[in-house]
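For reference, the chains in residue letters:
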Amino acid sequence: MTGPDAPRGTEFGTSSRPRLSIVRADGARLIDARGRSFVDLGATHGAGSLGAAHPAVAAALAEQAAQLIHLGSGYANPVREEFLRRLLGLLPPEFGPVFLSNSGTEAVEAALKIARSATGRPKVVAAMRGFHGRTFGALSATWRREFREPFEPLVPEFVHVPYNDPVALEAAVDDRTALILLEPVQGEGGVHVAAPGYLGAARGAADRSGALLAFDEVQTGVARTGRMFALEHWNVVPDLLILAKSLAGGMPIGATVTTAEVERRFRGSHHSTFGGNPLACAAGAAALDVVVRERLAERAARLGRVALERFGGLPEARLREVRGLGLLIGVELRTPVAPFLAALQERGFLALSAGSTVLRLLPPLVISDEEWSAGLDAVVEVLQHG
Ligand SMILES: Cc1ncc(COP(=O)(O)O)c(C=O)c1O
């Protein structure tokens, strides 16, 4: 409701939608104000790879909060150093300097600024169906018209090429290109996985033209696709790797990881007051420890295979295609997905859409075998009879 009779204190843009009120999390479950428990097949929008209240993350936060909540990046801090040490220990050796911020869109903004500054060039080549965030730079790289149009004019010199088309990419990249920005798996755009050779072709186009290459792994990063980072599936190392969402166990964080060579070429300055704050870094260090110790990348690969097998026999009348990598799965339907999401919620399962016809499953990586299997059964049931 809007206008003079609207209740005060509503969240901007949400007052017309009825929403579940969630008060607690337990493993892969979210529990509402009435005590009903839902299995979260969307990992709280991809940030809850460890669920939304992992005990190791909660303990790290409580311990850190008692010592130092905020600091500012002008000071060094052992917790931040420990987090960065653990993160870089999981990444290819080419990577070194990391810019820490508070969200995916900020991590993308940093990559855009770094690329323009380091190359002295203006142009950014991104992909159709890509999603990179809602601030002006990231939105300029985002494809969907409904997200962009109300805010135009956006940042100039952004072009979009069809995803998985190396010839179109090569043709668009020239000596004015600062950055090629791609998701290894397009998440919001409908779960489209990079074809073999596509990311390698992007690396080649960047090298030939002197542009930088960035992978936006905000959604695919940290074990989601069955490897610690999706880039490992293709064995291609970009100049900039963009991380956020689940990196800090559900605490707000963004990370723009780059190389010493790119840092050397960077002119100007970039800064964030809360980026790299002790709470996010303590949570991040704890979260990475859990991901490694519990071998969650292997778990994502195994549970992802289970899903693809389970969906194998679904009726073609309902279904166009099932796509995915690890625990990032898109079920493309022939009809709008909204009624199926509602039917799943009635059965106690919360899933997401990706566009109007794709049912997106990206559960917490800590989901139990039983919960996952029940979730897949529920999806099959609503698709067959819903
Ligand atoms: C690939 C990708 N990049 C960037 C973003 C923006 O992240 P945030 O919502 O944290 O700003 C998202 C969010 O869904 C995303 O999926």
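Reading the values: the criteria
- Residues numbered from 1 in each chain as written.
- Predicted model: local features only at pLDDT ≥ 70, side-chain atom pairs only at ≥ 80, totals over all residues.
- Heavy atoms only, no water.
- Pairing = 2+ DSSP bridges.
- Helix = DSSP H or I, 4+ residues; strand = E, 2+ residues; numbered from the N terminus.
- Axes fitted to C-alpha atoms, helices over the stretch in contact; angles between N-to-C directions.
- Salt bridge = Lys/Arg side-chain N within 4 Å of Asp/Glu carboxyl O.
- Buried < 20%, exposed > 50% of the residue type's maximum accessible area, 1.4 Å probe, protein only.
- Near = heavy atom within 4 Å.
- Polar contact = N/O pair within 3.5 Å; in protein donor to acceptor, adjacent residues only side chain to side chain.
- Areas by Shrake-Rupley, 256 points an atom, 1.4 Å probe, with all protein chains shown as cover.
- Nonpolar A, V, L, I, M, F, W, Y, C, P; charged D, E, K, R; others polar.
- Phe/Tyr/Trp six-rings, centres within 6.5 Å; stacked < 30°, edge-to-face > 60°.
- Lys NZ or Arg CZ within 6 Å of the ring centre and 35° of its normal.
- Contact = heavy atoms within 4.5 Å.
- Parallel < 35°, antiparallel > 145°, perpendicular 65-115°, else oblique.
- Left-handed = near helix turned anticlockwise from the far one by under 90°.
- Arc of directions from axis to C-beta.

Novice: Lay out the sheet that holds strand S7 (residues 177-182) with the relevant residues and their values.
Specialist: The 7 strands are arranged S4-S12-S11-S10-S7-S5-S6 in an open sheet whose pairing can be described as mixed. Among the strands making up the open sheet, the edge pair consists of strand S4 (95-101) and strand S6 (158-161). Taking the axes of each pair of neighbouring strands and ignoring which way they run, one obtains an average angle of 20 degrees across the sheet. Two strands pair when backbone bridges link them, and strand S5 (residues 123-127) and S6 are joined in this way by 4 bridges, in the parallel orientation. Each bridged residue has a counterpart across the sheet, and for alanine 127 the counterpart in S6 is valine 161.

Novice: So what's going on with the pairing of strand S2 (residues 29-32)? Which residues, and what values?
Specialist: Regular strands place side chains that alternate from one sheet face to the opposite one. When strand S1 (residues 22-26) meets S2, the two strands line up antiparallel, connected through 4 bridges. In the sheet register, aspartate 26 faces S2, and the bridge partner there is arginine 29. Remark: 2 residues form the turn of the hairpin made by S1 and S2, two consecutive strands paired antiparallel; glycine 27 in that turn has positive phi of roughly 60 degrees. Direction of pairing for S2 relative to strand S3 (residues 37-40): antiparallel, over a ladder of 3 bridges.

Novice: Before we move on, could you go through the pattern of salt bridges and cite the residues and values that matter?
Specialist: With the rule as written, the count across this model stands at 22 salt bridges. In this structure, glutamate 261 engages arginine 264 in a salt bridge whose closest nitrogen and oxygen atoms are separated by 3.0 Å. Here the residue glutamate 261 and the residue arginine 264 both occupy positions in helix H10 (residues 260-265), the gap between them amounting to 3 residues, near one helical turn. A relative accessible area of 40% means that glutamate 261 is categorised as partly exposed. A relative accessible area of 54% means that arginine 264 is categorised as exposed. We note a salt bridge from aspartate 377 to arginine 310, for which the minimum N-O separation is 2.8 Å. Of the two residues, aspartate 377 sits in helix H14 (residues 369-385) while arginine 310 sits in helix H12 (residues 296-311), which places them 67 residues apart along the sequence. For aspartate 377, a relative accessible area of 34% puts it in the partly exposed group. Three or more residues are tied together by salt bridges with common partners; here these are Arg320, Glu321, Arg323 and Glu332.

Novice: Please provide a residue-by-residue account of the site of the ligand, values included.
Specialist: Within the structure, the ligand sits among Ser103, Gly104, Thr105, Phe131, His132, Gly133, Glu183, Glu188, Asp216, Val218, Gln219 and Lys245. Contacts to the ligand include glycine 104, whose backbone N or O atom sits 2.8 Å from an oxygen atom. Between the ligand and threonine 105 there is a distance of 2.9 Å, counted from an oxygen atom to a backbone nitrogen or oxygen. Protein burial of the ligand: of its 390 Å² of free accessible surface, 82% is covered by the chains. Counted by class, the shell around the ligand contains 2 nonpolar, 6 polar and 4 charged residues.

Novice: Describe the packing of aromatic side chains, and please don't skip the residues or the numbers.
Specialist: Enumeration according to the criterion identifies 2 aromatic pairs in this entry. An angle of 80 degrees between the planes, with centres 5.8 Å apart, marks the rings of phenylalanine 131 and phenylalanine 147 as edge-to-face. With phenylalanine 131 in the loop between S5 and helix H5 (136-141) and phenylalanine 147 in helix H6 (residues 145-148), the pair connects residues that are 16 residues apart, well separated along the chain. For phenylalanine 131, a relative accessible area of 18% gives the class buried. Judged by relative accessible area, phenylalanine 147 falls into the buried class, the value being 16%. On the numbers, 5.3 Å between centres and 70 degrees between planes, the contact of tyrosine 163 with tyrosine 198 is edge-to-face. Here tyrosine 163, found in the loop between S6 and helix H7 (166-172), pairs with tyrosine 198, found in helix H8 (residues 198-209); they are 35 residues apart in sequence, far enough to count as distant. Comparing tyrosine 163 with tyrosine 198 shows no difference in burial state: the two are buried. Over the ring of phenylalanine 147 we find arginine 134, and its NZ or CZ is 4.0 Å from the ring centre.

Novice: Quick one: what's the story with the sheet that holds strand S16 (residues 352-353), residue by residue and with numbers?
Specialist: Across the sheet, which stays open at both edges, the 4 strands sit in the order S13-S14-S17-S16 with antiparallel pairing between neighbours. Of all the strands in the sheet, the pair left with one neighbour each is strand S13 (319-325) and S16. Two elements, strand S14 (residues 328-333) and strand S17 (residues 358-361), share 4 bridges in a ladder whose sense is antiparallel. When the bridges of S17 are listed, isoleucine 329 appears paired with leucine 361. Each of S13, S14 and S17 is contacted by H12, which is oriented at about 20 degrees to S14, the strand it contacts most. Relative to the sheet, H14 contacts S13, S14 and S17, its axis offset from that of S17 by approximately 170 degrees.

Novice: So, the packing of helix H2 (residues 55-65) against helix H11 (residues 278-293): which residues are in play, and what are the values?
Specialist: The interhelical angle for the contact between H2 and H11, taken along N-to-C directions, is 150 degrees, at an axis separation of 8 Å. The angle between the axes of H2 and H11 places the two elements in the roughly antiparallel class. In this structure, H2 meets H11 at a crossing whose hand is right-handed. Of H11, the residues touching H2 (which contributes Ala56, Val57, Ala60, Leu61, Gln64 and Ala65) are Pro278, Leu279, Ala282, Ala283, Ala286, Ala287 and Val290. Along the lines of polarity and charge, the residues of the contact of H2 with H11 split into 12 nonpolar, 1 polar and no charged.

Novice: Outline helix H13 (residues 338-346), supporting the account with residue identities and numerical values.
Specialist: Among all positions of H13, only Phe340, Leu341, Ala343 and Leu344 are buried. Seen along its axis, H13 keeps its buried residues to an arc of 160 degrees; they face one direction. Across from the buried face of H13, at angles greater than 90 degrees, the exposed residues are Ala338, Pro339 and Glu346. Of the residues trailing H13, glycine 348 is marked for its positive phi of about 95 degrees.

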